[in-house]
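# Residue-level structural notes
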Amino acid sequence: MYWQIILTMFVLLDIFAFIFADFLQTAVARCMVHQIPPRNFTLPCMLLNETFLRPFSGEVVDSWSGLRREHGASETKPPLLMNEESFLCCLWNDNNIDCSLYRASMRARKFISSEISISASQEIDSNWNIECWIKGKLDLLVCSLQFLKLYLGADLKVNLLYAVSELSLGDVSTSSLKGTVTVAQCDCSEYDKCECWLPSPRLNYTYIMWMKMMIGVTPLWSPLMSVKPIDIVKPEPPLNLHLEMTGKGQLKICWSNPVLMPYPLQYEVKISASSGQNGWQMVQVALETSLAIDNTLLDSSHLVQVRCRNHHGPGFWSDWSMPYNLGAEVLYFPPKILTSVGSNVSFHCIYKNKTKIVVSKKIVWWLNLAEEIPESQYTLVNDRVSKVTLFNLKATKPRGSFFYNALYCCHQNRECHHRYAELYVVDVNINITCETDGYLTKMTCRWSANPNTLLLGSSLQLRYYRSRIYCSDFPSTSPKSEVKECHLQKDHSYECMFQPIFLLSGYTMWIEFKHLLGTLESSPTCVVPADVVKPLPPSSVKAEITRDVGLLNVSWTNPVFTNNDLKFQIRYAVNRKEITWELYEVSNAPRSAVIKVQKLCVEYVVQVRCRELDGSGYWSNWSRSAYSLVKDIKAPLQGPDFWRIIIEDPARRLKNVTLLWKPLMKNRSLCSVSRYVIKHQTSGNTTWSEYVDNGTTCSFPWTEDTHTITVLAMNSIGVSSINFNLTLSQQMSTVSVVESLSAYPVNSTCVILIWTLSPHIYVITSFIIEWKNLNKEEEMQWVRVPPNISKYYIYDHFILIEKYQFSLYPVFAGGVGKSRATDQFTKGGYENENNASLYVVLPVIISTSVLLLGALLVSHQRMKKLFWEDVPNPKNCSWAQGVNFQKQKELVTIPTVPNCRGV
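Each residue is numbered by its place in its chain's sequence as written, counting from 1. In view of the model being predicted, local features appear only for residues whose pLDDT reaches at least 70, and side-chain atom pairs are presented and counted only at 80 or more, with totals across whole chains, interfaces and linings using the full set of residues. The side-chain quantities take in all heavy atoms of the structure and omit both hydrogens and water.

### Brief notes about the overall build of the protein
- Every helix listed is a DSSP run of H or I at least four residues long, and every strand listed is a run of E at least two residues long, numbered separately from the N terminus. Secondary structure assignment for the protein yields five helices and 62 strands.
- In the protein, which comprises 903 residues, the share counted as buried stands at 41%.
- We call two residues in contact whenever any of their non-hydrogen atoms come within 4.5 Å of each other. Counting only contacts in the protein whose residues sit at least 6 apart along the sequence, the fraction spanning at least 24 positions is 65%.
- Accessibility throughout is a Shrake-Rupley quantity obtained with a 1.4 Å probe, and a residue counts as covered only by protein chains that appear here. For the protein, the accessible area works out to roughly 51,400 Å², and carbon and sulfur atoms hold 52% of it. Burial classification: accessible surface area is computed with a 1.4 Å probe over protein chains only, and a residue below 20% of its type maximum counts as buried, one above 50% as exposed, and the rest as partly exposed.

### Considering the state of the cysteines
- What counts as a disulfide here is a pair of cysteine sulfur atoms lying within 2.5 Å. Following the criterion strictly, the structure yields eleven disulfides and no others.
- There is a disulfide in this structure between C90 and C99, and the S-S distance comes to 2.0 Å. In this structure, the disulfide formed by C90 and C99 twists by about 115 degrees around the S-S bond and is classed as right-handed.
- Its relative accessible area of 0% is what places C90 among the buried residues.
- Covalent S-S linkage joins C471 and C526, the inter-sulfur distance amounting to 1.9 Å.

### Focus: the packing of aromatic side chains
- Geometry of aromatic contacts follows a simple scheme: Phe, Tyr and Trp rings, the Trp one being its six-membered ring, pair when their centres are within 6.5 Å, and the pair is stacked under 30 degrees between planes, edge-to-face over 60, tilted otherwise. Scanning the entire structure with this criterion turns up 26 aromatic pairs.
- For the pair Y464 and F498, a centre-to-centre distance of 4.9 Å together with 90 degrees between the ring planes defines the contact as edge-to-face. You can see Y464 sitting in strand β34 (residues 459-467) and its partner F498 sitting in strand β37 (residues 493-498), a full 34 residues away along the chain. Judged on exposure class, the residue Y464 and its partner F498 are both buried.
- As a reminder, the over-ring test applies to NZ of lysine and CZ of arginine, requiring each to be within 6 Å of the ring centre and within 35 degrees of the ring normal. When the ring centre of F498 is taken as origin, the NZ or CZ atom of K484, which lies over that ring, is 4.9 Å away.
- Positioned over the ring face of Y809 is R644, at 5.1 Å from the centre of the ring.

### Some remarks on the sheet that holds strand β56 (residues 750-757)
- Strand pairing follows a simple DSSP-based rule, namely that at least 2 bridges must link the two strands. If you trace the three strands from one edge of the open sheet to the other, you get β55-β56-β59, paired in antiparallel fashion. The sheet terminates laterally at β55 (738-747) and β59 (791-795), the two strands that pair on one side only. Mean inter-strand twist for the sheet, computed between neighbouring axes without regard to direction, equals 20 degrees.
- Of the pairings in the sheet, the one linking β55 to β56 comprises eight bridges and is antiparallel in character. Across the sheet, P745 pairs through a bridge with V751, a residue of β56. Note on definitions: angles span 0 to 180 degrees between N-to-C directions of axes, and those axes are lines fitted to C-alpha atoms, for helices only across the stretch in contact.

### Description of a nonpolar patch on the surface
- In this analysis, a patch consists of residues with relative accessible area above 30% that form no salt bridge, clustered at 9 Å for like charges and at 5 Å for the nonpolar side chains Val, Leu, Ile, Met, Phe, Trp and Tyr. Definition used for salt bridges: Asp or Glu carboxyl oxygen within 4 Å of a side-chain nitrogen of Lys or Arg. A cluster of nonpolar side chains, contributed by I469, Y470, L503 and L504, occupies part of the molecular surface with about 360 Å² of accessible area.
- Tracing the backbone through its elements, the reader meets L503 in the loop between β37 and β38 (506-515).
- By relative accessible area, L503 is classed as partly exposed at 31%.

### Considerations on the pattern of salt bridges
- In total, this model carries twelve salt bridges according to the counting rule given.
- Between D641 and R784 there is a salt bridge, and its shortest N-O distance comes to 2.9 Å. With a gap of 143 residues between them, D641 in the loop between β47 (626-627) and β48 (642-649) and R784 in strand β58 (residues 781-785) connect regions that are remote in the sequence.
- Ionic pairing is found between D823 and K803, a salt bridge with its closest N-O pair at 3.5 Å. One end of the pair, D823, is in the loop between β62 (820-822) and α3 (829-834); the other, K803, is in the loop between β59 and β60 (804-812), with 20 residues separating them in the sequence.
- The class for K803 is partly exposed, based on a relative accessible area of 39%.
- One continuous salt-bridge network, built from bridges that share partners, spans E435, R446 and E495.

### Here we look at empty space enclosed by the protein
- The rule is simple: put a 1 Å grid over the protein atoms alone, call a set of points where a 1.4 Å probe fits but cannot get out a cavity, call an open set with protein on both sides within 12 Å along at least five of seven lines a pocket, and count a residue as lining if it has an atom within 4 Å of a point. Grid points are joined across faces, edges and corners, and a volume is the space filled by probe spheres set on the points. Applying the stated criterion to the full structure yields one cavity of 30 Å³ or more.
- Together, L298, A328, E329, V330, L331, I350, K352 and I357 line the largest cavity.
- Elements that contribute at least two residues to the lining of the largest cavity include exactly β22 (330-333) and β24 (345-353).
- For the lining of the largest cavity, a count of residues per class yields six nonpolar, no polar and two charged. Polarity classes work like this: nonpolar for Ala, Val, Leu, Ile, Met, Phe, Trp, Tyr, Cys and Pro, charged for Asp, Glu, Lys and Arg, and polar for all others, with Gly in that last group.

### Comments concerning the pairing of β38
- Counted residue by residue, β38 has nine buried out of ten residues, so it is predominantly covered.
- In terms of strand pairing, β34 meets β38 through nine bridges, oriented antiparallel. By the bridge assignment for β38, R463 is matched with W510.
- Two elements, β38 and strand β39 (residues 518-521), share four bridges in a ladder whose sense is antiparallel. Bridge assignment links E512 to a residue of β39, and that residue is E521.
- Joining the antiparallel neighbours β38 and β39 is a turn of two residues.

### A few points about the nonpolar core
- In this text, buried Ala, Val, Leu, Ile, Met, Phe, Trp, Tyr and Cys residues form a nonpolar core when linked through side-chain atoms within 4.5 Å. W128, I130, L145, M209, M211 and I350 are the most contacted members of the largest nonpolar core, which totals 76 residues.
- In terms of residue count, the dominant contributor to this core is strand β8 (residues 140-147) (six residues).

### Examining unusual backbone geometry
- The omega angle of the peptide bond from Q499 to P500 is 0 degrees, so this bond is cis rather than trans.
- With respect to the element layout, P500 can be found in the loop between β37 and β38.
- With an omega of 15 degrees, the peptide bond running from L670 to C671 counts as cis.
- Assignment of secondary structure puts C671 in the loop between α2 (666-669) and β50 (675-682).
- Residue N240 is not a glycine yet carries a positive backbone phi of 55 degrees.
- Relative to the assigned elements, N240 resides in strand β15 (residues 239-245).
- Since its relative accessible area comes to 52%, N240 is described here as exposed.

### Some details on the side chain of D632
- Tracing the backbone shows D632 in the loop between β47 and β48.
- Of the side chains with opposite charge, R547 comes closest to the buried, unpaired D632, at an N-O distance of 8.2 Å.
- Within the local environment of D632, its side chain forms a polar contact with the side chain of S672, the two groups lying 2.6 Å apart.
- Pairs of N or O atoms within 3.5 Å make up the polar contacts considered here, provided that, within protein, one atom can donate a hydrogen while the other can accept it, and that residues adjacent in sequence are counted only when both atoms are side-chain atoms. Separated by 2.6 Å, the side chains of D632 and S716 make a polar contact.
- Excluding its chain neighbours within four sequence positions, the residues that come into contact with D632 are L670, C671, S672, N715, S716 and I717. Charge assignment: positive for Lys and Arg, negative for Asp and Glu; neither His nor the chain ends contribute.

### As for the sheet that holds β47
- As summarised here, the arrangement of the four strands in space is β44-β43-β46-β47, forming an open sheet in which the pairing is antiparallel. Taken across any chain shown, the strands that pair with only one partner, and hence form the sheet edges, are β44 (582-587) and β47.
- Both strand β43 (residues 566-574) and strand β46 (residues 604-612) contribute to a ladder of nine bridges, which runs antiparallel. Among the inter-strand pairings, K567 is bridged to a residue of β46, identified as R611.

### A word on the confidence of the model for the protein
- Every residue gets a pLDDT, meaning the predictor's confidence in that residue, from 0 to 100. On average, the protein scores 82 in pLDDT, and the residues at 70 or more come to 82%.
- Per-residue pLDDT stays below 50 along residues 120-125; that stretch engages in 15 contacts with residues further than four places along the chain or on separate chains.
- Segment residues 831-844 is flagged for pLDDT under 50; beyond a separation of four residues in sequence, or across chains, it makes one contact in the model.

Structure representation (C-alpha cells):
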C-alpha cells in the first residue's frame, strides 16, 4: 500500500517537473515587475546567497530556487560586492516566487507587469510595507518603507535604485537598465521605517525601481517595481474655502486648487452636522470648485472640509482641507471688492442676531459708520438676503493705514456687528503716451500712476499685443497679450521701450493692476508707431538780418526720415541774459522763412523745430541755436544832432569853434558808424570837408561872417541823407528875442526851465538849452528843444545847494541868436503858479470849517442846558449849599428831594 502511494507520488512529481520545465522554457525570457499602486502595499525581500551567482557563469537560468525561504536561512557568508546594474529577475504566481540574480549586460529579457501577492512569500521577516507618492507640488517622489517585523538593534542600510525610460513598461527590457541606474537618497533614522526621495520626477516617464538593503550582514533585495509618477500624485488639499452667493441669493461653498495640476480633479466635500458630533455627510463633486448648499445650514454651526484627487486616472486623495465654519453672525458676499473708479458694485448680506436670522427688510447699510446709504439703493433678494448697490464710485482716499471703505450691514434699530465688508476703489484711468524716435527704430511709451492711491501689495504692468496693420476702431484687451518691461523714472513715471518696431502695425496696450483681491485694467489704447513720430530737429540752422530790407532770414535743412509735408516753428529772441522768446510758425516752407523784427541792430538767437503737417506725431526737439551777426543794413538814416562851443580871444580877435555831437543810436545808424563827415561852407562860397573816425568833437577857427556846418554819419554802406545844419552868423548872434528865463527846482533829478519871448520878426527853428555846475569843473550839458514850447523839464543829477547856470539860445535859419542865462534857482514862483487853484479852494475850506465849529458850539450849549435843568439850585435847597457838583462822589450821595427844583 505504501509503495503504491510512493509510486504514485513519483509519477506526480515527474508530471509536475515536466509541466514546470515547460513553464520555465516560456518564462525564462521575461522578468516580472510589480506595478506600484496609489496606495500602500506589501513587498517581500529576497535573501541573497551564493546560489544567485550560478547564472553568471552561463546566461541560462538552471533553477528558480535560488531563494532560500526556509526559516533560519540567515546563516550566510558576508555579502558579496555587486555591480549597481545587478538586480533580481523574478517570476511569481499566487503560491510561489522564484528569483535569480541578473545583470543588464546579459541577454535581454522583457518586463511584464504583474501585481505580487504577499502569500507568495513564506518568509514574513522580509516583508515590507511600502507607499510611494508624488507630493502635491509635483517636485518630489517619496517612498516610505516600513518593516512588518524587525529585530531590535539591527544595523539597517537601505538603497533605492531606479532607472528612467520614456517608453512604457511593455516596451522596456532588462538591457535598458545598463548604465542608467541611479541611487536615491534614503533616511532610516526612524525605528523600523525608512524614507527615500527621488527629486524632480518626470511625470509621464516609466521608473524601474528595486531595493537593496543590509540588515547587519544579511543582504536582502526586492523584486523589480515600476511606476509612472503621474499615477501616484497626492495633491495638496484645496485652499481658500469661502462662501459665495449667486445673484438670486443661492449660497455655495467654494475653494481653489493649491497648484496647477496636469489633469482635472474630482472633489469630496464633507459637512458636519454640528460641532459636537462626528457625523459627516459626504458629497462628491466632479470638475467643479464649488458646491451649492442649503441656506438653512447657516441657522446652526456647521464645518466644511474638502479633499481632491485625479478625476480620470489613479492617484491618491489629498488630505482634508482646513475646516471652514458656516456659523458666522454676519456674512457679506463678497467680503471684499476691488473695483475701478466710475464703476457700480453690489454687496449681499445675511444678518444673524445671535442665533436668529434677521429678515432682509429690517437691514440697513452704512458706509464707514458715518453715512447711511439711501434705501433706494437696497434690493430684497429674499427674506434672508439684502443687497445694496453703490453707483459711480470715486477713488478710495487712504485713511492712515486703511486703503478701503468699510460697508456695514446693520439692524434697522442701528445695531451693527463689528464685522464689515471692504470696498477698494482704485483709479486706473492711466494715460499712455508713445513716441517713435526720429530714426524710426524704436517706440518709447510712458505712463504714470499716483503712488498714494496704490494698494499695499499691488503691482502695475503694461500689457500689449500687436495687430498686423493699423488699429481697430474699438481697441480691446486680449488674453494673448504680453507683458512689457517698464522702468520706474525719478518723477515716478514708467518708461517702456519697443524695439524693433513695425511702423504700420497697431500696438494695443493697457495697464494691468494686480492685487490679491483681483485684477483691474485701464482702458486700452491703440498706437501706430508711424502716427507718433517725433522727428529729428532741423539741422544747419542759419540766421541773418537781410541787407536793405532789414528782415530776419532763417534757413535750415530738413531732418532725415521725413517727407516734405512738414510744418515748422521758429522761436527767436534778442540774445541777452534773460531771453524772451517770440514764436513764428510756417507750413510747407522751402527750408527758409523771413520774419519782420523791430530791432535790426541786435544779435538774435534762433531755434527751429518741426512736425508732420497733418498734426500727427510730436514736435521735434528744438534745433541747436543759431546767432545772427550785427552788421550794417543801410546807410545811416540821419546825421547826428550837434551844437557848438565858441571860445573868443579878444586880444587876437579870434573865435575858436568846437562842435559837439551825440553818438547815433543803432536804430538811426543801421547799424554802425565808421566815421563822421563835417562839411564846411563859408559866406565866400568856400567849402571843404573833415573826417572824424573816433570821437564826437571837432574844432575849427571862425573867421568869416557866416559859416555853415553839416555833420554826416557814414557806415560801410553809405552816408546819411538827412542831416542837421548849423549856421554861425556874426549878425544873428546879436539878435535878442528871449525876454526872461527862470529855473525852478523840482527835486534832485529835475529842474523846470520856463522862458518868455519878446515880439520879434524872426522864425525860430529850435532852442538850445545849456546847463552846467559852476562849482565843479564839469562838461557843459545841452539839449535841443522844439521852437513852439516855453517850458522844458531837464532831467539830470542836481545838487540844489550848489550853483548852476542855465542858458537858452534861440536858433534861426540864418544863425544862432543871443542867449539868455540865469545862474540861480527861482523860489516860490513856480509853486504859486502851479497852486493857483488852491486860492480858490482855500476860502471854501475855511468857510466850511467856521460853519462846522459854530454848529459844534451851539450843540454844546444845548446839551449843557438840558443837563443842568435836573440839578438843584443851591440857593433854593439848603442841603445843596456847600456841595461841589464837580466831584463825582458827592453827586452820588445826593438825596432825592421832590420839592426842590433847579432854577
